[in-house]
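Each chain, written out:
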Amino acid sequence: MCGIVGYVGTSQAAPILLEGLSKLEYRGYDSAGLAVRDHEKDPVLVKAKGRLKVLSEKTDGGRSIPGFCGIGHTRWATHGEPSETNAHPHASDDFSVIGVHNGIIENYQELRDKLIRHGYTFYSQTDTEVAVKLVDYYYKKYKVGPIDALAKTMVRVRGSYALAVMFRDYPDEIYVARKDSPLIIGTAGDNQYVASDVPAILKYTRDVYYIDNLEMARLSGEGVTFFNLDGDVVDKPLSRIEWDASVAEKGGFEHFMMKEIHEQPEAVRNTIGSVVREEKNEKGETDYQIDLSQTGMEEDEIRELSQICVVACGSAYHVGVAAQYVTEDLTDLPVRVELASEFRYRRVMADPKELVIVISQSGETADSLAALRKAKDMGMPTLAIVNVVGSSIAREADHVFYTLAGPEIAVATTKAYSAQLIAVYLLAIWFGLVRGTVAHADANNMLAEMELLPDKIRRVLEDQERIQWFASKYSNAKDVFFIGRGLDYAICLEGSLKMKEISYIHSEAYAAGELKHGTISLIEKGTLVVCVATQDDLYEKTVSNMVEVGSRGGFLMGLTKYGKYAMEDIAEFVVYIPRTDPHFTASLAVIPLQLMGYYLSCAKGLDVDKPRNLAKSVTVE
Ligand code: AGP
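Here is what the cut-offs are and how they apply
Residues numbered from 1 in each chain as written. Predicted model: local features only at pLDDT ≥ 70, side-chain atom pairs only at ≥ 80, totals over all residues. Heavy atoms only, no water. Helix = DSSP H or I, 4+ residues; strand = E, 2+ residues; numbered from the N terminus. Contact = heavy atoms within 4.5 Å. Areas by Shrake-Rupley, 256 points an atom, 1.4 Å probe, with all protein chains shown as cover. Axes fitted to C-alpha atoms, helices over the stretch in contact; angles between N-to-C directions. Parallel < 35°, antiparallel > 145°, perpendicular 65-115°, else oblique. Nonpolar A, V, L, I, M, F, W, Y, C, P; charged D, E, K, R; others polar. Pairing = 2+ DSSP bridges. Expected span 1.5 Å × (residues − 1). Buried < 20%, exposed > 50% of the residue type's maximum accessible area, 1.4 Å probe, protein only. Near = heavy atom within 4 Å. Polar contact = N/O pair within 3.5 Å; in protein donor to acceptor, adjacent residues only side chain to side chain. Arc of directions from axis to C-beta.

Enquirer: Quick one: what's the story with the overall build of the chain, residue by residue and with numbers?
Expert: When its secondary structure is counted, the chain shows 20 helices and 27 strands. If one aligns the C-alpha atoms of the chain with their principal axes, the spans along those axes are about 80 × 55 × 50 Å. Across the chain, every contact between residues at least 6 apart in sequence was considered, and the portion connecting residues at least 24 apart equals 70%. Approximately 23,100 Å² of the chain is accessible, and the part contributed by carbon and sulfur atoms is 49%.

Enquirer: A description of the packing of helix 8 (residues 264-273) against helix 16 (residues 453-461) should follow, citing residues and the corresponding values.
Expert: At their nearest, the axes of helix 8 and helix 16 sit 8 Å apart, and the two run at 170 degrees to each other. Between helix 8 and helix 16, the crossing angle belongs to the class labelled roughly antiparallel. Between helix 8, through Gln 264, Pro 265, Val 268 and Arg 269, and helix 16, the contact on the second element is made entirely by Leu 453, Pro 454, Ile 457 and Arg 458. Partitioning the contact of helix 8 with helix 16 into residue classes produces 5 nonpolar, 1 polar and 2 charged.

Enquirer: Before we move on, could you go through the sheet that holds strand 11 (residues 207-210) and cite the residues and values that matter?
Expert: Spatial ordering of the open sheet is given by 3-2-4-1-10-9-11-15, a layout of 8 strands whose pairing is antiparallel. On the outer flanks of this sheet lie strand 3 (44-49) and strand 15 (239-240), each paired with one strand and no other. Note: strand 2 (residues 31-37) against strand 4 (residues 69-75), 7 bridges, orientation antiparallel. Bridge pairing in strand 4 links Val 36 to Gly 70. Against the sheet, helix 1 (residues 13-22) contacts strand 1 (3-8), strand 2, strand 4 and strand 10 (191-195), and its axis sits at roughly 155 degrees relative to strand 2.

Enquirer: Tell me about helix 4 (residues 127-141), residues and numbers included.
Expert: Side chains of residues three or four places apart in an α-helix project in the same direction, reflecting 3.6 residues per turn. Its 15 residues give helix 4 an end-to-end C-alpha distance of 21 Å, which sits within 8% of 21 Å, the value for a rise of 1.5 Å per residue. Here helix 4 lies mainly inside the structure; 13 of its 15 residues are buried. One or two positions beyond helix 4, positive phi appears at Lys 143, with a value near 50 degrees.

Enquirer: So what's going on with the pairing of strand 7 (residues 159-167)? Residues and values would help.
Expert: Looking along a regular strand, one sees side chains alternate from face to face of the sheet. Counting buried residues in strand 7 gives 9 out of 9 residues, a clear majority hidden from the surface. Because side chains alternate across strand 7, one face comprises the buried residues Gly 159, Tyr 161, Leu 163, Val 165 and Phe 167, and the other comprises Ser 160, Ala 162, Ala 164 and Met 166, equally buried. Bridging between strand 6 (residues 97-105) and strand 7 involves 9 bridges; their strand directions are antiparallel. Bridge assignment links Ile 104 to a residue of strand 7, and that residue is Ser 160. Bridging between strand 7 and strand 8 (residues 173-179) involves 5 bridges; their strand directions are antiparallel. Its bridge partner lying in strand 8, Ala 162 is registered against Arg 178. Taken together, strand 7 and the strand that follows it, strand 8, pair antiparallel across an intervening segment of 5 residues, in which Asp 172 is found at a positive phi of about 60 degrees.

Enquirer: Lay out the site of the ligand in plain terms, naming residues and giving numbers.
Expert: Inspection of the region around the ligand gives 14 residues, with Ser 360, Gln 361, Ser 362, Thr 365 and Glu 501 positioned closest. For the ligand, an oxygen atom lies 2.7 Å from a polar atom in the backbone of Gln 361. Its free accessible area being 410 Å², the ligand has 91% of it covered by the protein chains. Listed by contribution, the elements that provide at least two residues to the shell around the ligand are helix 10 (314-330) and helix 18 (487-503). When its residues are assigned to classes, the shell around the ligand shows 5 nonpolar, 7 polar and 2 charged.

Enquirer: Can you break down helix 16 residue by residue, with the values?
Expert: Where helix 16 is concerned, the buried positions are Leu 453, Pro 454, Lys 456, Ile 457, Val 460 and Leu 461. Along the axis of helix 16, the buried positions cluster into a sector of 165 degrees, meaning they face one direction only.

Enquirer: How would you sum up unusual backbone geometry? Please name residues and give values.
Expert: In the segment running from His 88 into Pro 89, the intervening peptide bond is cis, with an omega of 5 degrees. A positive phi angle, near 55 degrees, is found at His 39, a position not held by glycine. With respect to the secondary-structure elements, His 39 resides in the loop between strand 2 and strand 3. With a relative accessible area of 33%, His 39 lands in the partly exposed category. Backbone geometry at Asp 60 places phi at a positive 50 degrees, although glycine is not the residue there. Position of Asp 60 among the secondary structure elements: in the loop between helix 2 (52-58) and strand 4. The exposure class assigned to Asp 60 is partly exposed, which follows from its relative accessible area of 43%.

Below, the structure written as structure tokens:
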């Protein structure tokens, strides 16, 4: 995600902003920028694509842009390619309003159209430029002060944002507004600081204020004043940060992986919000619309498809296995799933009506990129589901669906995997609507349920202490099996990989019905078998497989839905997930399995975020 810094006080601002941005580099970014103001003089705005070093060189380490007030930004592209034009800060044409932003403005397109009708010109592809010019619009139209202009903007905007804004008419002041995206405000006498995350200000102060959702604040030499949406002043207690810098980067979590496990509700929310629109119909009921125009796919193209082939590696491949079950259930399209490393060398039959979907968090995985190029060379249409804007796979695919998980630091993927699941659900529903295999009412019900997934993921996360307790009993396990049927099998694949890659415990995922064809001979007394049974139509079948395994001494952990309490008569330990649409259970069932792998790795004292022999993106064969 993007990084915001702001400073106003008695020191030169630019070096402080560059230093703060350097402490946010871990969040991942592709460009950066600063806007600095020397009292009443015009603000100076400098932006650069690439590393922070480029921006620092452009400003001679900040020395070439004097001033005591400024804002800075590192951009993780969500809307629009990485470029100097798309980098923040963005400003109104007369520089009356200059701002930086972290988050997703979901209705930015309609707001952009509105502002164009009011004479505004846009130069970037970003939602941020829209937000900044919307502030400018309200500021000028209603001739109000910064707080009122920001309040009107917050009421009109849908999505998540942390905004830091400078107004030309208000030198030596910074205004901030927040909804859902993180923002922290530090104070040290006449010096005030704002940042997306604590590491950026720890060097200067540990005294901070926490700004809540739909609140604003004014930072000036006199201090910090908070306002609610009505423009009333709000008192805030001063807090003290006790974290050290390295813990602060992880948001207070011990590892990036746990931070990212807990960021899954937001990653899911942002990915849904980027394509699902809520509208009220004539009866006042909520109508959900899927807008996947961002992919560039036309409905006629979807209607003419003969089949789908999903190609990926690792966890992304496991998303593909889930996509096969979901898409074949919602459409009339046959779906096959291929490991990219196999697809790229196999003799593939070319079908110009076969859509090849390449799933990749990094967008740089060598095998997946090679598979994409092979599909294109064979004249097959390609769609990429990617988390990194402007990555190789994103650039070379015919169509792209960007997941909005934000940068993922831990090698073991969690939030990107969850965002990819959302992407394949949305594509399956959209394809079903276009091909007439999904009724609008059914799509509406599924989308309404999808909107509830972030909160249901949070509910599953509340169970983490129980899972930690159970996992700690198995840190010496030698072999673990994951069994399930249908979508539950896809979930098992991911649970098994999480365990293997970060706790180094050998494990295997097995289709529960396949066990008796050989592998069950490996089950000994005390062998841990994780049984995933979330699909109602297959539940009894999986339970009978559990009994088979239990009768051979296996130690059973069950994973099922609330209400299936009879499982406790069979399994020694059961984890429950909230009920949801059967197509979406992977989004909930995977959470306990991610936690299992995480806690096992911790119990063994391993490097959770950087497991041995692994890279975050496998850019070589
Ligand atoms: C999953 O935790 C691993 N990090 C790995 O399997 C990963 O999913 C795989 O290498 C694919 O990476 P990609 O999504 O960036 O293409």
